[in-house]
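The chain contents come next:
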Amino acid sequence: MKYKNGQPVEAGDVVHVRNRAYTIYSIGDTVTLRSMCERGYIKRVFPADIGAYIPRLHPVFAGLMPI
């Protein structure tokens, strides 16, 4: 998973969602965030919510790429 600027998304990165700071707790098809406030809320969001994407190649083009 990468941010829109090309940097990789890693656990522990600080992101902001709706004016609240979170750290990335785990990464999968969705991203699990942990709030940086004293309560430590857990929130699951889509990559687009933190400005990231999962780089995937269209299946037609994947067959054309040499391994």
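Please read all numbers here as calculations on a predicted model, not as lab measurements. (Residues numbered from 1 in each chain as written. Predicted model: local features only at pLDDT ≥ 70, side-chain atom pairs only at ≥ 80, totals over all residues. Heavy atoms only, no water.)

Colleague: An account of the overall build of the chain is requested, with residue identities and associated values reported.
Modeller: Helices and strands together make up the secondary structure of the chain, namely one helix and six strands. For the chain, the N- to C-terminal ordering of α and β elements is β-β-β-β-β-β-α. Per-residue burial for the chain yields a buried fraction of 24% across its 67 residues. Partitioning the intrachain contacts of the chain with sequence separation of at least 6 by distance along the chain shows that 27% fall at a separation of at least 24. (Helix = DSSP H or I, 4+ residues; strand = E, 2+ residues; numbered from the N terminus. Buried < 20%, exposed > 50% of the residue type's maximum accessible area, 1.4 Å probe, protein only. Contact = heavy atoms within 4.5 Å.)

Colleague: Kindly report on the environment of Met-1, identifying the contributing residues and their values.
Modeller: By secondary structure assignment, the location of Met-1 is in the segment before strand S1 (2-3). Linking Met-1 and Arg-56, residues 55 residues apart in sequence, is a C-alpha distance of 9.5 Å.

Colleague: Describe the pairing of strand S4 (residues 31-35), naming the residues involved and giving the relevant values.
Modeller: In terms of burial, S4 is a largely internal element, four of the five residues being buried. Of the pairings in the sheet, the one linking strand S3 (residues 20-27) to S4 comprises five bridges and is antiparallel in character. Counted as the bridge partner of Thr-23 is Arg-34 from S4. Linkage of S3 to S4, two consecutive antiparallel strands, is achieved through a turn of three residues. In textbook terms, the turn of a hairpin is the stretch between consecutive antiparallel strands, and for S4 and strand S5 (residues 42-45) this stretch comprises six residues, one of which, Gly-40, has a positive phi near 65°. (Pairing = 2+ DSSP bridges.)

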